[in-house]
Amino acid sequence: MTPCSLSVSLVLASVAALWATAGQAEGDKEPAPAFSEDFLAAPANIEAGKEMWKEQCRHCHGRAAYPGKAPKLKPRRYKPDFVYDRVTNGFRKMPAWKEVYDREERMKIVAYILSKDFSP
Ligand code: HEC
């Protein structure tokens, strides 16, 4: 190996190490699933999401809770990944639901919030 190719491989090795640590920092955050149009539009998913919304979310985000506990949701501004992340991991005073609802259930909540049926 020439000195030059040695330093190239050293650089490559440290880039690889950096990548590995970046991956670890994200490690406790679940990546968002892929939301297909079909999943988001399926009436059964929207209906299931609505039930969970009524049980767990409405008392903070619902019409009757205003003003105060939580912001009014603005579904038209959200991408599925954003809603999924907030529901999964929480944010400041927004509780996390990953211990309460499995991945599929959280995806159904997202489908409901982004559906035309959504009503806070
Ligand atoms: C204890 C009250 C509470 C409950 C219960 C709650 N939330 Fe929240 N939620 C909040 C608060 C407070 C915020 C604002 C967090 C911030 O941005 O500081 C929030 C933020 C959000 C946001 C992001 C809104 C935005 O525009 O930034 C979404 C989406 C959301 N909640 C969905 C839900 C869903 C779905 C549920 C039920 C599974 C739920 N929340 C249950 C309090 C609550």
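Keep in mind the model is a prediction, meaning the values are calculated, not measured.

### Side note on the site of the ligand
Here comes step 1: Residues in close proximity to the ligand total 21 residues, the closest being Cys-57, Cys-60, His-61, Tyr-78 and Met-94.
Here comes step 2: Contacts to the ligand include Tyr-78, whose side-chain N or O atom sits 2.5 Å from an oxygen atom.
Here comes step 3: Within the side chain of Arg-92, one N or O atom sits 2.9 Å away from an oxygen atom of the ligand.
Here comes step 4: Secondary-structure elements contributing two or more residues to the shell around the ligand are helix H3 (43-61), helix H4 (80-89) and helix H5 (103-113).

### Quick notes on a positive patch on the surface
Here comes step 1: There is a patch of like positive charges on the surface, built from Arg-63, Lys-72, Lys-74 and Arg-77.
Here comes step 2: Along the polypeptide, Arg-63 turns up in the loop between H3 and H4.
Here comes step 3: Residue Arg-63 is classed as exposed on the basis of its relative accessible area of 54%.

Here is what the cut-offs are and how they apply
Residues numbered from 1 in each chain as written. Predicted model: local features only at pLDDT ≥ 70, side-chain atom pairs only at ≥ 80, totals over all residues. Heavy atoms only, no water. Near = heavy atom within 4 Å. Polar contact = N/O pair within 3.5 Å; in protein donor to acceptor, adjacent residues only side chain to side chain. Helix = DSSP H or I, 4+ residues; strand = E, 2+ residues; numbered from the N terminus. Patch = residues over 30% accessible without salt bridge, like charges linked within 9 Å, V, L, I, M, F, W, Y side chains within 5 Å. Areas by Shrake-Rupley, 256 points an atom, 1.4 Å probe, with all protein chains shown as cover. Salt bridge = Lys/Arg side-chain N within 4 Å of Asp/Glu carboxyl O. Lys, Arg positive; Asp, Glu negative; His and termini not counted. Charge placed at Lys NZ, Arg CZ, Asp CG, Glu CD. Buried < 20%, exposed > 50% of the residue type's maximum accessible area, 1.4 Å probe, protein only.

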